[in-house]
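# Structural overview
Given next are the chains, with one letter for each unit.
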Amino acid sequence: MSWQFAYLALPSGTLALLLAAAGTAALRIGWLLPIQRRHVHRVDLFGRAQLVMAGALAVLAFSAFPDDPALRNGIGVLSVPGFLCALVLVVLAQRPRRER
């Protein structure tokens, strides 16, 4: 592991664990942080967004381990679609359901 990239791996891994716990709580029991309760209308979709974000952060944390710079950058770029998918899910979770 390149210890010069530990500043990237430690916070990303910690935040990934926290997001995974919050996403699991949102999916299992419908619990959200108090700051998020006013904005989120679809709790299950928001929980899935948090789990996708946790996966993308875990990939980003893993990108600090290879010594080859090209491989490290390639793994880091793989996390970008996860972040974009999570962003779309968060936006959809904050929109109210349509009345039919």
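Further up the page is the structure itself.
We now turn to the structure provided with this report. (Residues numbered from 1 in each chain as written. Predicted model: local features only at pLDDT ≥ 70, side-chain atom pairs only at ≥ 80, totals over all residues. Heavy atoms only, no water.)

A26, L32, V40, L45, F46 and A93 form the largest nonpolar core, which has six residues in total. Excluding its chain neighbours within four sequence positions, the residues that come into contact with F46 are L32, Q36, V40, V90 and A93. Grouped together as the second largest cluster of nonpolar side chains are five residues, A16, L19, A54 and L57 included. (Core = buried A, V, L, I, M, F, W, Y, C linked by side-chain atoms within 4.5 Å. Buried < 20%, exposed > 50% of the residue type's maximum accessible area, 1.4 Å probe, protein only. Contact = heavy atoms within 4.5 Å.)

Here helix α3 (residues 69-93) spans 37 Å end to end across 25 residues, near enough to the 36 Å set by a 1.5 Å rise per residue. Looking only at α3, the buried set comprises R72, I75, G76, S79, G82, A86 and A93. For α3, the secondary structure elements touched by its buried residues are α2 (43-62). (Helix = DSSP H or I, 4+ residues; strand = E, 2+ residues; numbered from the N terminus. Expected span 1.5 Å × (residues − 1).)

Coordinates in, geometry out; function isn't part of it.
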